[in-house]
Amino acid sequence: MSMAADAIRSLLEQAFPGGTVDVLDRTGGGDHFQVIVESPAFEGVSLVEQHRMVNRALAAPLADGTIHELRIQTKGLPA
Amino acid sequence: MTLHDQIQQVIDDEPVAIFIKGTPDRPACGNSLRALQALRGAGAPITAVDILPDPQIRVELSAISDWPTIPQVFVRGELIGGADITEQLHASGELERKLDEALGADREQVVKTIAVVATAA
């Protein structure tokens, strides 16, 4: 796991407590990531808003170029 | 017209607007390609705006949509999502249902591009 992947995981775990977070380095290059987040916070929330929540949690690495490409998969969990 | 107003006009006026890197014929990024393929697969008309000519296009677009990444897909003014959601909705059949509902099942599958350029007021 690259440093960037660890940092992304920790940001997501902070933003979505009580769920599960997976971070995959898609290309091995340390800047193309797929994140899979399952969280009670997504229950009853539209798909667009779920992705917005993930993007917000990762706003810093998205803005500074740490994440060059991000794929997002989200799923609600019963609270 | 400002860049902001032009972008807003495309979102408001076009049945399906997609903001991509490159053009529908030559997408310059894998995610733009994925979203285009999903739209084509669902029989969507496509109005594409290339965000690459001016970095400010993306800044203004993201301010309007509250969505940081490219591509961005809008149906009748509503943000559907980026490549992941568009693909996911296409795979489940929901994208086609949404398009049927918004545009009718006998819609024409036209592809066009619009350039947004800031002009003096």
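What counts, and at which threshold
Along each chain, residue indices are assigned from 1 in the same order as the chain's sequence is written. The order in which chains are written sets their letters, starting at A; the order in which ligands are written sets their numbers, starting at 1. Per-residue local features are limited, in this predicted model, to residues with pLDDT of at least 70; the limit for side-chain atom pairs, both in listing and counting, is 80 or more; totals at the level of whole chains, interfaces and linings are taken over all residues. At least two bridges found by DSSP between two strands are what make those strands a pair. Numbering of helices and strands runs from the N terminus; a helix is a DSSP stretch of H or I covering at least four residues, while a strand is a stretch of E covering at least two. Working convention: axes come from line fits to C-alpha atoms, limited for helices to the stretch in contact. Angles between N-to-C directions cover 0 to 180 degrees. Put plainly, a residue is buried at 20 or more neighbouring C-beta atoms within 10 Å of its own, exposed at 12 or fewer, and partly exposed in between, counting only other residues' C-beta atoms, which are placed from the backbone. The span one expects for a helix is its residue count, reduced by one, times 1.5 Å. By the convention adopted here, residues are in contact when the distance between their C-beta atoms, placed from the backbone, does not exceed 7 Å. For the purposes of this analysis, a nonpolar core is taken to be any set of buried Ala, Val, Leu, Ile, Met, Phe, Trp, Tyr and Cys residues that are connected through C-beta atoms within 7 Å. To sort the angles, those under 35 degrees are grouped as roughly parallel, those over 145 as roughly antiparallel, those from 65 to 115 as roughly perpendicular, and the leftovers as oblique. Left-handed describes a crossing whose near helix is turned anticlockwise from the far helix through less than a right angle; right-handed describes the clockwise counterpart. For this scheme, ten residues count as nonpolar: Ala, Val, Leu, Ile, Met, Phe, Trp, Tyr, Cys and Pro. Four count as charged, namely Asp, Glu, Lys and Arg, and the remainder, Gly too, count as polar.

Trainee: For this particular structure, what's the right way to read the sheet that holds strand E4 (residues 78-81) of chain B?
Mentor: All names here are of chain B. If you trace the 5 strands from one edge of the open sheet to the other, you get E4-E3-E1-E2-E5, paired in mixed fashion. What marks the edges here is a single partner per strand, and that holds for E4 and strand E5 (111-113). Neighbour-to-neighbour, the strand axes of the sheet open up by a mean angle of 25°, direction not taken into account. Two elements, strand E1 (residues 16-20) and strand E3 (residues 72-75), share 4 bridges in a ladder whose sense is antiparallel. Directly across from alanine 17, in E3, lies its bridge partner phenylalanine 74.

Trainee: What is the right way to look at the environment of Val45(A) in this model?
Mentor: All names here are of chain A. Along the chain, valine 45 turns up in the loop between strand E2 (32-39) and helix H2 (47-57). Among the residues examined, valine 45 registers 15 C-beta atoms within 10 Å and is labelled partly exposed. In the structure, valine 45 is positioned 30 residues away from lysine 75 in sequence and 10.0 Å away in space, judged by C-alpha atoms.

Trainee: Explain helix H2 (residues 30-41) of chain B to me, please; I cannot follow it from the model alone.
Mentor: An α-helix turns once every 3.6 residues. As a result, residues three or four positions apart point the same way. Along its 12 residues, H2(B) runs 16 Å from first to last C-alpha, staying within 8% of the 16 Å computed at 1.5 Å per residue. Buried residues belonging to H2(B) abut strand E3 (69-76) of chain A together with E1, strand E2 (46-50), E3, helix H4 (83-92) and helix H5 (94-103) of chain B. Looking one or two residues beyond H2(B), the residue adopting positive phi is Gly43(B), at roughly 70°.

Trainee: Got a minute to help me understand the nonpolar core in this structure?
Mentor: In globular proteins that are soluble, nonpolar side chains generally tend to be buried together. Counting 31 residues, the largest nonpolar core has Ile18(B) and Leu39(B) as its most contacted members. If sequence neighbours within four positions are ignored, Leu39(B) has contacts with Val16(B), Ile18(B), Ala44(B), Ile46(B), Val73(B) and Thr86(B). Judged by nonpolar contacts, the second largest core, of 14 residues, contains Leu12(A), Val23(A), Phe33(A) and Val35(A).

Trainee: Explanation requested: the packing of H2(B) against H4(B) in the structure shown.
Mentor: When two helices pack together, their arrangement is given by the angle between the helix axes and the distance between those axes. Residue and element names in this part refer to chain B. Packing of H2 against H4 brings their axes to within 9 Å, and their N-to-C directions diverge by 25°. In terms of axis orientation, H2 runs roughly parallel to H4. Where H2 crosses over H4, the handedness of that crossing is left-handed. Mapping the contact onto sequence places Asn31, Arg34, Ala35, Ala38, Leu39 and Gly41 in H2 and Ala83, Thr86, Glu87 and His90 in H4. A per-class count over the contact of H2 with H4 returns 4 nonpolar, 4 polar and 2 charged.

Trainee: Help me out: how do you make sense of the sheet that holds E2(A) in this one?
Mentor: Two pairing modes exist for strands in a sheet, parallel and antiparallel, and in both the strands are linked by backbone hydrogen bonds. Residue and element names in this part refer to chain A. With respect to topology, 3 strands assemble into an open sheet ordered E1-E2-E3, the strand pairing being mixed. Either end of the sheet is taken by a strand with one partner, and the two such strands are strand E1 (20-25) and E3. Between one strand and the next, the sheet's axes are offset by a mean angle of 10°, whatever the strand orientation. Of the strand pairs in this sheet, E1 and E2 are connected by 6 bridges, and their pairing is antiparallel. For threonine 20, the partnering residue across the bridge sits in E2 and is glutamate 38.

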